[in-house]
Amino acid sequence: MSQDATVPSSPRRPMRAVARRNYERILAAAGAAIAQHGVEASLEEIARHAGVGSATLHRHFPSRQALLEAVFRDRVETLCAKARDLATEPDREAALVTWLHALGAHAVTNKGLGAALMPGAGDPTLGDTCHTLIVNAGSELLARAHQAHAVRPEVTITQLLKLVGAIALATEHDSDGAAETDRLLTLVIDGVRPR
């Protein structure tokens, strides 16, 4: 978290040092709890592991969705930064494939993110802002791959996100879910290449 962190409910007022530390500890505890128990992880347990009371957790994050979006937001921003880096790669197909694999790895290790990646799934966990960031990042890479004729022209970013989300959902409880996600994505990606 940067030094100019702000209280989520009041974006104009910088956090005091204690509030900033509590915010960061809550996010870290929530990230660990989500990785272990998924998006339904106990808020009370998250507060306990962060070393704060429930009131402090709710002061920073008034709802479960607000907490989950904050946890996923950092991870989504990392994925978007990776997409921006890959957008300069000369091999446009490889850039898209690399990003889809990174997205799959993030989704399977962050239980619940797979469901949130699927538009219309009725799971608001990821939040509209984070979902829009992922769609925009992936759309740019897909457009570049389309221009290079590396992907079938009818393939959309929504379809790719659904596929990644479905694979992550299918493998997130496997003992080797990340590796299985990677293998399944490789199979799926073969299906989106031009014939």
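Residues numbered from 1 in each chain as written. Predicted model: local features only at pLDDT ≥ 70, side-chain atom pairs only at ≥ 80, totals over all residues. Heavy atoms only, no water.

Within the chain, the secondary structure is distributed over nine helices and two strands. Across the chain, every contact between residues at least 6 apart in sequence was considered, and the portion connecting residues at least 24 apart equals 64%. Here the chain has roughly 10,000 Å² of accessible surface; of this, 52% comes from carbon and sulfur atoms. (Helix = DSSP H or I, 4+ residues; strand = E, 2+ residues; numbered from the N terminus. Contact = heavy atoms within 4.5 Å. Areas by Shrake-Rupley, 256 points an atom, 1.4 Å probe, with all protein chains shown as cover.)

Okay, the packing of helix α1 (residues 17-37) against helix α2 (residues 43-50) next. Close contact between α1 and α2 brings their axes to 8 Å; oriented N to C, the two are set at 125°. On the basis of the axis angle, α1 is oblique to α2. The two elements α1 and α2 meet at a crossing, and its hand is right-handed. Contacts between α1 and α2 involve Arg25, Ile26, Ala29, Ala30 and Ala33 from the first element and Ile46, His49 and Ala50 from the second. The residue makeup of the contact of α1 with α2, split by class, is six nonpolar, one polar and one charged. (Axes fitted to C-alpha atoms, helices over the stretch in contact; angles between N-to-C directions. Parallel < 35°, antiparallel > 145°, perpendicular 65-115°, else oblique. Left-handed = near helix turned anticlockwise from the far one by under 90°. Nonpolar A, V, L, I, M, F, W, Y, C, P; charged D, E, K, R; others polar.)

Running from N to C, helix α8 (residues 157-171) and helix α9 (residues 177-192) cross one another at 150°; their axes reach a closest spacing of 9 Å. Relative to α9, the element α8 lies roughly antiparallel. Taken as a pair, α8 and α9 cross one another with a handedness that is right-handed. Of the residues in α9, those in contact with Leu160, Leu163, Val164, Ile167, Ala168 and Thr171 of α8 are Gly177, Glu180, Thr181, Leu184, Leu185, Val188 and Val192. Looking at the contact of α8 with α9, its residues break down into nine nonpolar, three polar and one charged.

One finds Leu96, Trp99, Leu141 and Leu160 to be the most contacted residues of the largest nonpolar core, which totals 30 residues. Among the elements of the structure, α4 (64-86), α5 (92-109), α7 (128-147), α8 and α9 are those that each provide at least two residues to this core. Discounting chain neighbours no more than four positions away, the residues touching Leu160 are Leu96, Leu100, Leu142, Val155 and Val192. With 23 residues, the next largest nonpolar core counts Met15, Ala30, Leu57 and Leu68 among its residues. (Core = buried A, V, L, I, M, F, W, Y, C linked by side-chain atoms within 4.5 Å. Buried < 20%, exposed > 50% of the residue type's maximum accessible area, 1.4 Å probe, protein only.)

What follows is about the pattern of salt bridges. Taken as a whole and assessed by the stated rule, the structure comprises six salt bridges. Arg48 is paired through a salt bridge with Glu45; the nearest N and O atoms lie 2.6 Å apart. Of this pair, Arg48 and Glu45 are both found in helix α2, three residues apart, which corresponds to roughly one turn of the helix. Arg193 is the salt-bridge partner of Glu93, the closest N and O atoms lying 2.2 Å from each other. Placement of Glu93 in helix α5 and of Arg193 in the segment after α9 is noted, with a sequence separation of 100 residues between them. What you see here is one network of salt bridges that share partners, running through Glu93, Asp190 and Arg193. (Salt bridge = Lys/Arg side-chain N within 4 Å of Asp/Glu carboxyl O.)

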